[in-house]
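# Overview (structure and organization)
Chain by chain, the residues:
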Amino acid sequence: MYQQPPAPLDAVPPARRWRWPRVGANVWAIGATSLLTDVSSEMVTSVLPLYVVLHLQMTPLAFGALDGLYQGVAALVRMGSGVVADRFRHHKAVALAGYGLSAVAKACYIAAGTAWPAFLAVVTADRLGKGIRTAPRDALIAASARPGETATAFGVHRAMDAAGATIGPLTAFGVLMLAPGRFDQVFVVSFAMAVVGVAALWLFVTAPGGARATGATATARPWARVLDAITAPRFRAVLVAAGAVSIASVTDGLLYLVLQRQFAFDPTRITLLFVGTPLCYFLLAGPCGVVADRIGTARLFLAGHLALLAVYGLLWMGVTTAVGVAACLVGLGAYYAATDGILAAMAALALPADDRATGLGLLATCTTAGRGLAAFVFGALWTYTDTRTALAAFAALLVAGIGVSAWQLGATRALPPPAEARS
Amino acid sequence: MTQPSGARRTVIFAVVCAAAVAAVTWSLTRARLEQRGTTSPGGGPAVAAPTLASPPASPFVLVRHLAPGSGWSRLALAPLAAPDGPRFITPLSCVRGYMAGTRGLCLASNGADGRAIVFETATFTPTHTLVLTGPPSRARVSRDGRLGAVTVFESGHSYAEEGFSTRTTILDLETGTAFPDLESFTIRQDGTRVRRIDINFWGVTFIPGTRRFYATLAYGGTPYLAEGDLDAREVRVLAPHVECPSLSPDGTRLAFKRADGLRWRLWVRDVASGEEHVIAGETRSIDDQVEWLDDRHVLYQFPSDEGNNLYVVHTDDGTPARRFMGEAWSPAVVR
């Protein structure tokens, strides 16, 4: 089994000049799996609302409600899969199960046809797959990263993920241009991509630390250990920090809506919104990881939220020029690049290797719930007052969140790193 | 699952990639051939359906023709007396169409965005083209052919949520220009002005001889029946839970769809009294802005494993719905 090289080899201080991130073959392989899977899933995501309404004749409201339910189920599954992956030390096997389930679901979209109960079952399976794979995959990345380059590894992974998210919708539109109205062809291409992604994971990703010596005793009381890990001060600080800013983070969908209302209606610019942010995310994720490994993940995480604060500010002032729109997109891309993978890296560094998937799963559940709450509150404020009031309120909330986050993350420096990290 | 090592895994991966590429190529090629009409959806050779050489005399029905062949997805005309007989295939290729009086609307789309093509009904020649901001969903033309309405989906796109909204544009078909955004109209409910950001319009039906219309207006998660006036730039909210209204030829009744849990049911509403009843003859979930065949029957599309058929149902007497014509979509009756 692959083991991380002993510390002295890589303990050389990071080079002063820029170099291509040396994240190792395993991280590239996980990145390739995510890229392929994201192309596959974003293809479906981008056509799903239309497919549901045009072909299945479901009410949008019903779909929205069910969608919310699935998100909740996925969040719980995310935590459960982390626990299972840690307990049986098979991060790769659990991730493979998640990717595999989603791939099978893509094929079932075609088989489900116009029968909506079957369709709902397939959507559930697809979402469950996503819920299952996230935490063990991030634990795999953390375990595959060279010491001192955890954030770089996550940055490279998230860049590849974002590339998939950019290519996916474009591929779906391409397929629909080749075969107009043939949603089944979108599912066929999506399924093929998913299968190649699963193959990449199975064939090229090794499972580091699969046979850890401490395993036998560690699995004896998994839940107690889990509790110990997540109540350890270092990880708890990350959890509180991430939670505090997540309830002040408005989803990009809502921010696009604000932009659309402020900026003159023009179809080409709307397309730009959808491609612009993932593209900036893709370009900035890698560099953000490298920078985080030099100056610390906490600083970059806070800087990312300052970028989000700047976007709120721009929208509050009113965006009326193309330059303003571009600034918002770059700001949002930078926010994602400096927070998403960086948070995972920060959490992974604060967790003992044996409990990483569990902790990452719990963290994802908390931030998802926080952002869900934020979206709901922002929507309500916007509806019952106006855009500027909602933005001002959320800017204030974000400033408070960043304050709490800075205080919590500052405190972690005084705390010892997790036990396993010392070995 | 054990992991193959060395050269073997490269070979396995190459085989998987090759199989994926081959499967996608085969599937896409087949789909394109089906649409060109070289093969039928069942895989066998297509049977060329007889067509009419010239447009039939009114009354006729305009549909989107969905039989495989060169006419796939074109607008086509069939006489009301023999809707399943030979059709006249127009040169216009659209996902949704409507015509009345001297003008028609053809909404074209590749699945991601779209164009609204205004055409002249004597020769089916386009007169104006407008870019749409999303895939089209509804089209209507006023009886005199002067006004048109187009509804498109604007799908949300984000990492965290999936949602979509609609945008409805009313057009002056003579000049090919759009009226101001409906969302900028003064909206009143029970005399009180409604000021909300989450307002959506869809499914317009014009009131003949006027510049007024009925439409769905939704906010706060509830769809309402609304009546709009293009000159006064006002919209009045009338009743809740009414979507995609369609005004009967005599102007006395509105057929509409109403959500019933996860499903849609078709209903009829008396314009004067506001009395409503469900159309008992159709129990399936129908998502369409229906078209009136006459003052007592409505036509609508319903996709199923039996194909893309249009159905007809009596609005009041409970007679079960029957198939009206096959391989057709988006009906518009021209009397």
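Here the residue numbers are simple positions, counted from 1 along each chain's written sequence. Each chain is given a letter, starting from A, and each ligand a number, starting from 1, according to the order in which they appear as written. Residue-level local features of this predicted model are given only where pLDDT is at least 70; pairs of side-chain atoms are given and counted only at 80 or more, and the full residue set underlies all totals for whole chains, interfaces and linings. Values reported for side chains reflect all heavy atoms of the structure, with hydrogen atoms and water molecules removed beforehand.

## Details of the overall build of chain A
Helix and strand content of chain A: 17 helices and zero strands. Summarising the internal contacts of chain A: among those between residues at least 6 apart in sequence, 85% fall at separations of at least 24. Of the roughly 16500 Å² of accessible surface on chain A, a fraction of 72% belongs to carbon and sulfur atoms. Helix and strand assignments come from DSSP, with helices taken as H or I runs of at least 4 residues and strands as E runs of at least 2, each series counted from the N terminus. Residue contacts are defined here by distance: any two heavy atoms, one from each residue, within 4.5 Å place the two residues in contact. What sets the accessible areas is the Shrake-Rupley method with a 1.4 Å probe; for residues, cover comes only from the shown protein chains.

## A few points about the overall build of chain B
When you go through chain B residue by residue, the secondary structure sums to one helix and 26 strands. In this scheme, a residue with accessible area under 20% of its type's maximum is buried, one over 50% is exposed, and one in between is partly exposed, where area comes from a 1.4 Å probe on protein chains only. Within chain B, the proportion of its 335 residues that are buried is 52%. Carbon and sulfur atoms make up 54% of the accessible area of chain B, which totals about 14100 Å².

## Points about the sheet that holds strand β5 (residues 103-109) of chain B
Residues and elements named next belong to chain B. A strand pair is defined by DSSP finding two or more bridges across the two strands. Pairing is antiparallel in the open sheet, where four strands are placed in the order β4-β5-β6-β7. Across the chains shown, the open sheet's two edge strands, defined by having one partner strand only, are β4 (96-100) and β7 (125-132). When strand polarity is set aside, the average angle formed by the axes of neighbouring strands in this sheet is 15 degrees. Pairing of strand β6 (residues 114-120) with β7 involves seven bridges; the strand directions are antiparallel. Residue pairing in the sheet places F119 in a bridge with P126 of β7. Lines are fitted to the C-alpha atoms to define the axes, a helix being fitted only along its stretch in contact, and any angle between axes, read from their N-to-C directions, falls within 0 to 180 degrees.

## Thoughts on a nonpolar patch on the surface
Residues and elements named next belong to chain A. Within this analysis, patches are made of residues with over 30% relative accessible area and no salt bridge. Like charges are joined at 9 Å or less; nonpolar side chains (Val, Leu, Ile, Met, Phe, Trp, Tyr) at 5 Å or less. Put simply, a salt bridge is a Lys or Arg side-chain nitrogen that is within 4 Å of an Asp or Glu carboxyl oxygen. Taken together, the side chains of I247, L373, F376 and V377 make up a nonpolar region of the molecular surface, amounting to roughly 380 Å² of accessible area. Relative to the helices and strands, V377 is located in helix α15 (residues 356-384). The class for V377 is partly exposed, based on a relative accessible area of 36%.

## Observations concerning the pattern of salt bridges
Residue and element names in this part refer to chain B. In total, this model carries 23 salt bridges over all chains according to the counting rule given. A salt bridge links E291 to R140, with the shortest nitrogen-to-oxygen separation between them at 3.6 Å. Here E291, found in strand β22 (residues 291-292), pairs with R140, found in strand β8 (residues 136-141); they are 151 residues apart in sequence, far enough to count as distant. As far as the burial class goes, E291 and R140 line up, both buried.

## Notes on the packing of helix α10 (residues 233-246) of chain A against α15(A)
All names here are of chain A. Relative orientation of the contacting elements α10 and α15 amounts to 20 degrees, with a least axis distance of 8 Å. With respect to α15, the element α10 is oriented roughly parallel. Considering how the two elements wind past one another, α10 and α15 form a crossing that is right-handed. Residues F235, V238, L239, A242 and S246 of α10 form the contact with α15, whose participating residues are G359, L362, L363, C366, T367, G370, R371 and A374. Here roughly perpendicular refers to angles of 65 to 115 degrees, roughly parallel to angles under 35, roughly antiparallel to angles over 145, and oblique to all remaining angles. Rotating anticlockwise by less than a right angle from the far helix to the near helix defines a left-handed crossing, while the corresponding clockwise rotation defines a right-handed one.

## Regarding the side chain of T150(A)
Residue and element names in this part refer to chain A. Checked against the element boundaries, T150 lands in helix α6 (residues 150-178). A relative accessible area of 7% means that T150 is categorised as buried. Excluding residues that lie within four positions of it along the chain, T150 makes contacts with A145, D293, A345 and L349.

## Focus on the packing of helix α11 (residues 252-262) of chain A against helix α13 (residues 297-317) of chain A
Residue and element names in this part refer to chain A. Running from amino to carboxyl end, α11 crosses α13 at an angle of 25 degrees, the nearest separation of the two axes being 11 Å. As summarised for this structure, α11 and α13 are arranged roughly parallel, according to the angle between their axes. Two packed elements cross with a definite hand, and for α11 against α13 that hand is left-handed. For the pair α11 and α13, the contacting residues are L255, V258, L259 and Q262 in the first and L308, V311, Y312 and L315 in the second. Here the nonpolar group is Ala, Val, Leu, Ile, Met, Phe, Trp, Tyr, Cys and Pro; Asp, Glu, Lys and Arg are the charged ones; every other residue, Gly included, is treated as polar. For the contact of α11 with α13, the class distribution of residues is seven nonpolar, one polar and no charged.

## A closer look at the environment of V275(A)
Residue and element names in this part refer to chain A. As for its position among the elements, V275 is in helix α12 (residues 267-295). Residues V275 and I167, 108 residues apart in the sequence, show an inter-C-alpha distance of 8.8 Å. Leave out the neighbours within four places in its chain, and V275 touches T166 and L170.

## Let's talk about the nonpolar core
Nonpolar cores are built from buried Ala, Val, Leu, Ile, Met, Phe, Trp, Tyr and Cys residues. Side-chain atoms within 4.5 Å join them into one set. With 85 residues, the main nonpolar core has L255(A), F301(A), Y312(A), L315(A) and F378(A) as its most contacted residues. It is helix α14 (residues 322-350) of chain A that provides the largest number of residues to this core, a total of 16 residues. An automatic or database domain assignment supplies the residue ranges for each domain. Each of domain 1 (22-204) and domain 2 (223-423) of chain A accounts for three or more of the residues forming this core. When neighbours within four sequence positions are excluded, Y312(A) is seen to be in contact with A248(A), S249(A), V250(A), L255(A), L391(A), F394(A), A395(A) and L398(A). With 33 residues, the next largest nonpolar core counts V39(A), V186(A), V189(A) and L28(B) among its residues.

## Topic: the side chain of K257(B)
Its location among the elements puts K257(B) in strand β19 (residues 253-260). For this analysis, a polar contact is any N or O atom pair within 3.5 Å, provided that within protein one partner can donate a hydrogen and the other can accept it, and provided that sequence-adjacent residues contribute only side-chain to side-chain pairs. Side-chain polar atoms of K257(B) contact the side chain of D287(B), separated by 2.5 Å.

## A few points about the pairing of β4(B)
All names here are of chain B. The buried fraction of β4 is high, at five of five residues. Pairing of β4 with β5, which is carried by five bridges, proceeds in the antiparallel orientation. Bridge assignment links R96 to a residue of β5, and that residue is L107. Connecting β4 to the next strand, β5, in antiparallel fashion are two residues, including G101 with a positive phi near 60 degrees.

## Focus: the packing of aromatic side chains
Put simply, two rings from Phe, Tyr or Trp (the six-membered ring, in Trp's case) pair if the centres are within 6.5 Å, and we call them stacked under 30 degrees between planes, edge-to-face over 60, tilted for the rest. Applying the stated criterion to the full structure yields 12 aromatic pairs over all chains. Ring centres 6.4 Å apart and planes at 20 degrees place the aromatic pair F256(B) and W267(B) in the stacked group. One end of the pair, F256(B), is in strand β19; the other, W267(B), is in strand β20 (residues 263-270), with 11 residues separating them in the sequence. With relative accessibility at 2%, the residue F256(B) sits in the buried group. Ring-pair connections join several aromatic residues into one group, and the members of that group are Y109(A), F119(A) and F187(A). Any Lys NZ or Arg CZ that is within 6 Å of a ring centre and within 35 degrees of that ring's normal is treated as a charge sitting over the ring. One cation-aromatic arrangement involves R284(B) over F302(B); the distance from NZ or CZ to the ring centre is 4.4 Å.

## Topic: the environment of D293(A)
All names here are of chain A. Inspection of the secondary structure puts D293 in helix α12. Along the backbone, D293 and P147 are 146 residues apart, and their C-alpha atoms lie at a distance of 9.9 Å. Residue contacts for D293: discarding those within four places in its chain leaves G148, E149, T150, A151 and T152. Within the local environment of D293, its side chain forms a polar contact with the side chain of T152, the two groups lying 2.3 Å apart.

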